[in-house]
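Structure at a glance
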Amino acid sequence: MKTYSKNCRNRVLWGLLVVAMLLPLSGKAQDVTSSSPTTEHQYNDDIHTFIIKRLKQTCQQREKQMNKRIQQMLINLPNAEKLYDETFVRITTDVVEDTTEDGKPEINYVYNINYTCHHFEGTEDDYPSAVYAWNSSNSCRAICNLTKTMVDQELSDIFAPGKKTTITITSTTDAAEIAHIDYKGEYGDFRYMPAVFNDEQVRISVDKKDGITTNAQLAYVRAQSVHEFLKTSVNSLKNTDNEYLFVTRCFDMTGPHYRRSSMRIVVHGAFDAAAKNMEAALLNDEYVDFNIPSIEENINSKTYALIIADEEYTAPLPNCDFASNDGDVLHQYFVHTLGIPTRHVKVMHNAGRQQIKDEGIHWLKDIIKAQNGDVHIIIYYAGHGVSNSKFQPALMPSGVDVSKIRAFKSKNGVLPSDITLKGGDAEKLLAQCISIDTLCNWFKKTTCLSYTFIIDASCNGVQRSGKEFFNIERETKRYRAPRVRDDIVIFMSADGDKTSYSFIDQHHGFFTYYILKELKYTRGEVTFQELFNNVTKNQAYESSLQGKLQEPSMIIGGTLGENWGQRTFINN
């Protein structure tokens, strides 16, 4: 975890708070990362670390979505406002622990937006010389309008009414000498206003009468221009308690790339309430990511597993929420709770169809051949899914080439909610996917002790978030489960015509969360039948409470009959 200047003091304050709440937990089982008996202090420290890690995961998830959206928004700007090809705008966010003025701990949200340009000759994205208005610079106009969209739409829950914010606006000038620049007074007159200029605390005065005569004044008025935009145009900031700071700088060189603006916004105490809710959930042992049980290492030496976690997709396709975390945590359970040797588990993030086949499937087939089939194989997939015109389900890996699909062309960075792929568009998409039939056929001439597939994907045209995705024109009206050969058992998060959702509070797909929960409470000593029954019951209950009823399904090899139910994940 990143260390900050006030970290020691924060940890003491957090420790006092958490100890008071968690004294009854001193006898809990230790985390798999611990090598000695867990003390109360260590356990509380682990809880604090877990909370901050989880909050950072949330921020990273949102950051990815925001940057994907802004890139699409920039592409779709009017020609007069388009940025140069080598200009790149990026949002970065973070969770930072700090203390209030009266010494209480707080967990803050930090939002930064700036841009870089790798080629400067002839560009016009920066401020023209001797100009200060925010909309006179393509880049400044872009980061202002993008911030308005992100704060008012993507981050409205964080910028809640009454929240305290600290907004730092940084503006710069080049070294060109200034004789006199007319100042229209549109942002008011300033007399001995505090600011930072070239890393020193200064007082700056600017008024309409005398105009702008120094680079310090020019940079300051540029910052005030951005301030005026935020104050008047960003709706969420009209209801928050805002403190503005102005940082200005004059570079030693001349050129447009030294005339820029950027901003940093800190929302104080943005995650204080969320942290308290997480503490309560930890008291009830509701997080499968925490306190993962461990059995004897390498005890499950005949089992090999391929984990495919496809979270990131090419815009305008949305990401698949929490798929990466699904794969990472399942990996820990495979190694620590099921005792599968580390080298027997391969994790692939954001893999495309060909990569999955070349680096994943071939890896497993080589192992099966080398071991003369004396192995158990597990394949797990988390990501988007799709089904063809006959409702046959398929995995939709990352890296889909959206340029081949005309219906995916988007004007505002997001897919329309009413897309139905037909004819060539449907064929071009499905050719980049992996149907369940294809997955099984990849092992057609390869036999082993058992194959188990676990699929957490929504295949009915709805995303994990519950938002509409897209559909494929159907030839049939009914979903029929695929038929698979005798040695294969497939756990499906839902039937191909039903939605598989994400469990937002837990940062997992519903299906994956409840599988992990069963593995945690049983320490892996559970039959497939018991696992499926318990996951079905618990998942259906919780998902229905959230208005997202989801029921898993099974696809069982033709002649396995009831024998599938006695299989287990631990095979000595």
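First things first, this report covers the structure right here in the doc. (Residues numbered from 1 in each chain as written. Predicted model: local features only at pLDDT ≥ 70, side-chain atom pairs only at ≥ 80, totals over all residues. Heavy atoms only, no water.)

Right, let's get into the packing of helix 10 (residues 510-522) against helix 11 (residues 528-545). In contact at an axis separation of 9 Å, helix 10 and helix 11 are set at 130° when each is read in the N-to-C sense. Taken together, the axes of helix 10 and helix 11 lie oblique to each other. Crossing of helix 10 against helix 11: the hand is right-handed. Here F510, F511, Y514, I515 and E518 of helix 10 come into contact with helix 11, specifically with L531, N534, V535, N538, Q539, E542 and S543. In terms of residue class, the contact of helix 10 with helix 11 is made up of six nonpolar, four polar and two charged. (Axes fitted to C-alpha atoms, helices over the stretch in contact; angles between N-to-C directions. Helix = DSSP H or I, 4+ residues; strand = E, 2+ residues; numbered from the N terminus. Parallel < 35°, antiparallel > 145°, perpendicular 65-115°, else oblique. Left-handed = near helix turned anticlockwise from the far one by under 90°. Contact = heavy atoms within 4.5 Å. Nonpolar A, V, L, I, M, F, W, Y, C, P; charged D, E, K, R; others polar.)

The buried fraction of strand 8 (residues 303-309) is high, at seven of seven residues. Sheet analysis places strand 8 next to strand 10 (residues 376-382), joined by seven bridges and oriented parallel. Residue I308 lies in a different strand from strand 10, and its bridge partner there is Y381. (Buried < 20%, exposed > 50% of the residue type's maximum accessible area, 1.4 Å probe, protein only. Pairing = 2+ DSSP bridges.)

Turning our attention to the sheet that holds strand 4 (residues 190-197). With mixed pairing, the seven strands of this open sheet are ordered in space as 1-2-7-3-6-4-5. A strand with exactly one partner marks an edge of an open sheet, and here the two such strands are strand 1 (87-99) and strand 5 (200-206). Direction aside, the axes of adjacent strands within the sheet are offset by 30° on average. Sheet topology places strand 4 next to strand 6 (residues 241-250); two bridges connect them, and they run parallel. Note that in strand 6 the partner of V196 across the bridge is V247.

Moving on, we get to the side chain of N108. One can find N108 in strand 2 (residues 105-117). Using a relative accessible area of 2% as the deciding quantity, one classes N108 as buried. Among the polar contacts made by the side chain of N108, one reaches the side chain of E106 at a distance of 3.2 Å. Sequence-distant contacts of N108, defined by excluding residues within four places in its chain, comprise D94, V95, V96, D98, V266, V267, H268, G269, A270 and F271. (Polar contact = N/O pair within 3.5 Å; in protein donor to acceptor, adjacent residues only side chain to side chain.)

Looking now at the side chain of N388. Inspection of the secondary structure assignment puts N388 in the loop between strand 11 (384-387) and strand 12 (393-396). Overall, N388 belongs to the buried group, its relative accessible area being 18%. Here K390 takes part through its backbone nitrogen, which lies 2.9 Å from a polar atom of the side chain of N388. In this structure the side chain of N388 is engaged in a polar contact, spanning 2.8 Å, whose partner is the side chain of Q392. When near neighbours in sequence (up to four residues on either side) are disregarded, N388 contacts L430, I472 and R474.

Let's shift gears to the packing of helix 6 (residues 323-337) against helix 10. Where helix 6 meets helix 10, the axes come as close as 11 Å, and the angle between the chain directions of the two elements is 20°. Here helix 10 runs roughly parallel to helix 6, going by the angle between their axes. For the pair helix 6 and helix 10, the crossing hand works out as left-handed. Listed contacts from helix 10 to D326, V329, L330, Y333 and T337 of helix 6 are T512, L516, L519 and K520. A class-by-class count of the residues in the contact of helix 6 with helix 10 yields five nonpolar, two polar and two charged.

All right, on to helix 6 then. Here helix 6 contains 15 residues, and its C-alpha end-to-end distance of 20 Å stays within 8% of the 21 Å for a straight helix at 1.5 Å per residue. Of all 15 residues that make up helix 6, eleven are buried, and the element is covered over most of its length. Taken as a whole, helix 6 has its buried residues at A323, S324, N325, D326, G327, V329, L330, Y333, F334, V335 and T337. Where helix 6 ends, the next residue or the one after it, G339, has phi of about 70°, a positive value. (Expected span 1.5 Å × (residues − 1).)

So, on to the pairing of strand 4. One face of the sheet, then the other: side chains in a regular strand alternate in exactly this way. Note that strand 4 and strand 5 share six bridges and pair antiparallel. When the bridges of strand 5 are listed, P194 appears paired with R203. Between the end of strand 4 and the start of strand 5, which pair antiparallel, lie two residues, with N198 showing a positive phi angle near 50°.

A word on the environment of F503. Relative to the helices and strands, F503 resides in strand 18 (residues 502-503). Those residues in contact with F503, other than ones at most four positions away along the chain, are H508, G509, F510, Y513, Y514, E542 and Q546.

Between A315 and P316 the backbone carries a cis peptide bond, its omega angle lying at 10°. Inspection of the secondary structure assignment puts P316 in the loop between strand 8 and helix 6. Of note in the backbone geometry, D285 takes a positive phi value of approximately 55° without being a glycine. Relative to the elements of secondary structure, D285 occurs in the loop between helix 5 (272-283) and strand 8. Backbone geometry at F322 places phi at a positive 70°, although glycine is not the residue there. Looking at where F322 falls in the secondary structure, it is placed in the loop between strand 8 and helix 6.

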